[in-house]
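Listed below, chain by chain, are the residues.
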Amino acid sequence: MQHKMPRACRFVNCGGGLYASSTNVSTPPLDILAIAAHRDDVEQTCGGTLLKMAQRGYRTGILDLTQGEMGTRGTAEDRAREATESARILQASWRRALDIPDGRVENTWDNKLKVARVVREQRPRVVILPYWQGRHPDHYTASILGYEACFVAGLAKLDLGAPPHRPFKIVYATLYYDVRPTFVVDITDQFEARFASLMAYQSQYRDQPAGKDLFPAQAEIRARVEAMARFYGMLGGVEYAEPFLQKEVGLVDDLLAIPVKSV
């Protein structure tokens, strides 16, 4: 299978949101767009998958719904800088942060329109959303908001300044919630870079007094991240993997081509 070669891109700061824009005037569509509530959510749940897809020549993007201003550690400005570095490590073609209040991600019409505009502008074929249950209200609300925004983005009579578009596929990154995934992605070759993308958020993960009772020590983070990746890798018969769920029934064309041994 031949894969598209990634275009050169550059990271810029625009209106408080970070994004990467193509060096070409006419920006090609994203192949995959990951949407999450906070800067570093994508890195934790599907960063290895995004990197793997970028290495295969696909254009990947990240949409953070908030600026991270309510985080126990660091500032929104810290996390903006760190998000840029992390996106570079993950070879993302595009990244932006919206201005939805951190800690108050709500499924309102205005917020749906903000996300729908991005979907129309970037025209992704695949969207990755958080799983629709979890501990943090921002996470599970981002899931429902993202799904409904993808639907709204396809309404032909809704004027958002760009042609209607709906992604072909929506999948859910499930690592934040204990649910059995419907598939996993082998990230064995991407694990180290995926971990480096998470560690780019030094304001969050370096040892410090703020939040020391909430955050594990930095020396413990590697062990936890690796344990989770090994667990999901075991389910798929590989070393490291990230878990996902799809709502649709899978379609198989060749029984002899189904991966993962049964017995």
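Structure's up top.
Residues numbered from 1 in each chain as written. Predicted model: local features only at pLDDT ≥ 70, side-chain atom pairs only at ≥ 80, totals over all residues. Heavy atoms only, no water.

(A) Representation of the packing of helix α4 (residues 109-122) against helix α5 (residues 137-152) in the model. Where α4 contacts α5, the axes come no closer than 8 Å and their chain directions differ by 65 degrees. Pair α4 / α5 crosses with right-handed handedness. For the pair α4 and α5, the contacting residues are Trp109, Asn111, Lys112, Leu113, Val115, Ala116, Val119 and Arg120 in the first and Leu145, Glu148, Ala149, Cys150 and Val152 in the second. For the contact of α4 with α5, a count of residues per class yields nine nonpolar, one polar and three charged. (Axes fitted to C-alpha atoms, helices over the stretch in contact; angles between N-to-C directions. Helix = DSSP H or I, 4+ residues; strand = E, 2+ residues; numbered from the N terminus. Left-handed = near helix turned anticlockwise from the far one by under 90°. Contact = heavy atoms within 4.5 Å. Nonpolar A, V, L, I, M, F, W, Y, C, P; charged D, E, K, R; others polar.)

(B) Just the layout of surface pockets, in detail. Approximately 1,300 Å³ is the volume found for the largest pocket. Thr182, Phe183, Val184, Val185 and Gln246 are, among the 34 residues lining the largest pocket, the residues nearest its centre. Elements represented by at least two residues in the lining of the largest pocket include exactly α2 (47-55), β6 (126-130), β7 (169-173), β8 (183-186) and α8 (218-236). A total of four residues in the lining of the largest pocket trace back to one element, the largest contributor, which is β8. Looking at the lining of the largest pocket, its residues break down into 20 nonpolar, six polar and eight charged. (1 Å grid on protein atoms, 1.4 Å probe; cavity = no way out; pocket = protein on both sides within 12 Å on 5 of 7 lines; lining within 4 Å. Points joined across faces, edges and corners; volume = space filled by probe spheres on them.)

(C) Region of the structure containing helix α3 (residues 76-89). The end-to-end C-alpha distance of α3 is 20 Å, a good match for the 20 Å that 14 residues give at a rise of 1.5 Å each. Within the sequence span of α3, burial applies to Ala76, Arg79, Ala80, Glu82, Ala83, Ser86, Ala87 and Ile89. (Expected span 1.5 Å × (residues − 1). Buried < 20%, exposed > 50% of the residue type's maximum accessible area, 1.4 Å probe, protein only.)

(D) Structural context of the environment of arginine 117. Relative to the helices and strands, arginine 117 resides in helix α4. By relative accessible area, which is 36% here, arginine 117 ends up partly exposed. Separated by 36 residues in sequence, arginine 117 and alanine 153 have C-alpha atoms that sit 6.9 Å apart.

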